[in-house]
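Here's the letter readout for the chains.
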Amino acid sequence: MAQYRNVAAQDGTGQWSSLGARRIAGRSEQNAGIRKRPSPRPSLTSEGASATILINVVYNIQEQSKESNAMNLYGFQTARRIVSGCNSLQSLRDHLGPLAQAKSALLITQASLLRFGFVQEILDQLSGLGIETDTLTDVLPEPTAANIEEMHEKIRHRPFELYIGVGGGSVLDATKILSVLKANDKKVVDMLGTDLVDRPGVPTVLIPTTSGTGSEVTPNAIVTLPDEELKIGIVSRYLLPEL
């Protein structure tokens, strides 16, 4: 019976081969009924083996160090400025910085939030700075591309210099997308994906009324495509708010 080994072995020609699963009993030996035990492959001396092991250990450490350094490198981007804390909304005007120089601002929210006093408080602070304001409340829950395009058509020719989103993730995402639609000659569907927004849009201030979505500090905005039963994101650094 022929013998097979998955290691380097001496073949019928007397030459060493490193091929795996090589047949090592020659045909002439089989015919003669002779089975030779293959000669053991010469092994490294203990000193040579130790040197080889040491070299491998050093090499592995170097490679692991390179991989570790590569894994430790990362980037992070978020809103230009974050203000948080009890009653921070009451001092919004103090945190606007250069944005306070805007002549007109659009407050984007949902109609259900208008009954709460904080929306009017924001409008009053902006008015106190001499900023003309208007309000847009057409954002649908889980806004669709069509919903955002319709809102854009309403405001595209208005000279707003600041967009302020007040609400949950749907409102904040819509505010970010409306901002870049103003400055980019593209439809919403043309920007779906990563880094497909060419230019920054209208500066934005995002004020969350819920916790969990993180839309106010991320470069993402989610759009619903009901006909395709999909929710797809737009990812761009130009979606990050000023405040």
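Residues numbered from 1 in each chain as written. Predicted model: local features only at pLDDT ≥ 70, side-chain atom pairs only at ≥ 80, totals over all residues. Heavy atoms only, no water.

Draft legend 1. Main features of the pairing of strand 7 (residues 162-167). Counted residue by residue, strand 7 has six buried out of six residues, so it is predominantly covered. Bridge count for strand 5 (residues 104-108) against strand 7 is four bridges, and the pairing is parallel. In the sheet register, L106 faces strand 7, and the bridge partner there is Y163. Of the strand pairs in this sheet, strand 7 and strand 9 (residues 204-208) are connected by five bridges, and their pairing is parallel. When the sheet's bridge partners are listed, I164 is paired in strand 9 with V205. (Buried < 20%, exposed > 50% of the residue type's maximum accessible area, 1.4 Å probe, protein only. Helix = DSSP H or I, 4+ residues; strand = E, 2+ residues; numbered from the N terminus. Pairing = 2+ DSSP bridges.)

Draft legend 2. Examining unusual backbone geometry more closely. Unusually for a residue other than glycine, E142 sits at a positive phi of about 50°. Its place among the elements puts E142 in the loop between strand 6 (132-136) and helix 5 (145-155). You can call E142 partly exposed: its relative accessible area is 43%. A positive phi is found at D195, a non-glycine position, where the angle reads about 60°. Within the secondary structure, D195 is located in the loop between strand 8 (193-194) and strand 9.

Draft legend 3. Examining the sheet that holds strand 11 (residues 230-235) more closely. Pairing is mixed across the open sheet formed by three strands, whose spatial order is 8-11-10. Both edges of this open sheet fall to strand 8 and strand 10 (220-225), since each of them pairs with a single strand only. Pairing analysis gives six bridges linking strand 10 to strand 11, with the strands arranged antiparallel. Looking at the pairing, N220 lines up with V235 of strand 11.

Draft legend 4. How the structure looks around the sheet that holds strand 7. If you trace the four strands from one edge of the open sheet to the other, you get 6-5-7-9, paired in parallel fashion. Edge positions in the sheet fall to strand 6 and strand 9, since each has one partner strand and no second. Each neighbouring strand pair of the sheet contributes to a mean axis angle of 20°, computed without reference to strand direction. Against the sheet, helix 6 (residues 169-183) touches strand 5, strand 6, strand 7 and strand 9, its axis set at about 165° to strand 7. (Axes fitted to C-alpha atoms, helices over the stretch in contact; angles between N-to-C directions. Contact = heavy atoms within 4.5 Å.)

Draft legend 5. Molecular detail of the environment of T204. Mapping T204 onto the fold places it in strand 9. Residue T204 is classed as buried on the basis of its relative accessible area, which comes to 4%. Counting along the chain gives 28 residues from T204 to K176, while the straight-line C-alpha distance between them is 7.2 Å.

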